[in-house]
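# Architecture and fold: a report
Below are the chains, spelled out letter by letter.
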Amino acid sequence: MKKKIFMACTALVVSAAAVVGVKAYNYYSMPPLMRANLEALSQDNENPRFPVVLICNPVNDATSVCVAACPICHYPHIDSKKGQELSSASGNCEKCGRNFSIKVNDSQ
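Residues numbered from 1 in each chain as written. Predicted model: local features only at pLDDT ≥ 70, side-chain atom pairs only at ≥ 80, totals over all residues. Heavy atoms only, no water.

So, on to the sheet that holds strand β1 (residues 53–58). If you trace the three strands from one edge of the open sheet to the other, you get β1-β4-β5, paired in antiparallel fashion. For this open sheet the edge positions go to β1 and β5 (99–103), each flanked by a neighbour on one side alone. Here the strands of the sheet are splayed against their neighbours by 20° on average, with no regard to which way each runs. Relative to β5, strand β4 (residues 84–92) runs antiparallel, the two sharing five bridges. (Pairing = 2+ DSSP bridges. Helix = DSSP H or I, 4+ residues; strand = E, 2+ residues; numbered from the N terminus. Axes fitted to C-alpha atoms, helices over the stretch in contact; angles between N-to-C directions.)

This is the structure:
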């Protein structure tokens, strides 16, 4: 019984090594230009991450703070300066990572 289990495990290890070897051989037998294209396509450069940028306007109320909440996850992005209100915000949310843009219309 032990001999059968040993032979089964040996066959499994040899077959796994063969699969890995064939994949490595196929990867390195590609021309360098094709390999560079494959690596470029596998990178996630389509959606680069930008920090949220808040554009705030000064107001007369000294206690107000410039805050923009992500419209998807409602995570608050806060500018620590007092006496300002939000004019616009854009970038990738720190919490959910999604891109958003907010523009506040002045109705004054």
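What follows deals with the nonpolar core. Core analysis: the largest hydrophobic core is formed by 10 residues, namely Val52, Leu54, Cys56, Cys66, Ala68, Cys70, Leu86, Ala89, Cys93 and Phe100. Listed by contribution, the elements that provide at least two residues to this core are β1, β2 (65–69) and β4. Beyond its immediate stretch of four places on either side in the chain, Cys56 contacts Cys66, Asp79, Gln84, Glu85 and Ser87. (Core = buried A, V, L, I, M, F, W, Y, C linked by side-chain atoms within 4.5 Å. Buried < 20%, exposed > 50% of the residue type's maximum accessible area, 1.4 Å probe, protein only. Contact = heavy atoms within 4.5 Å.)

On to the side chain of His77, then. Tracing the backbone through its elements, the reader meets His77 in strand β3 (residues 76–82). According to the relative accessible area criterion, His77 is buried, its value standing at 4%. His77 has contacts with Val52, Leu54, Cys66, Val67, Ala68, Cys70, Cys93, Glu94 and Phe100, leaving out every residue within four places of it along the chain.

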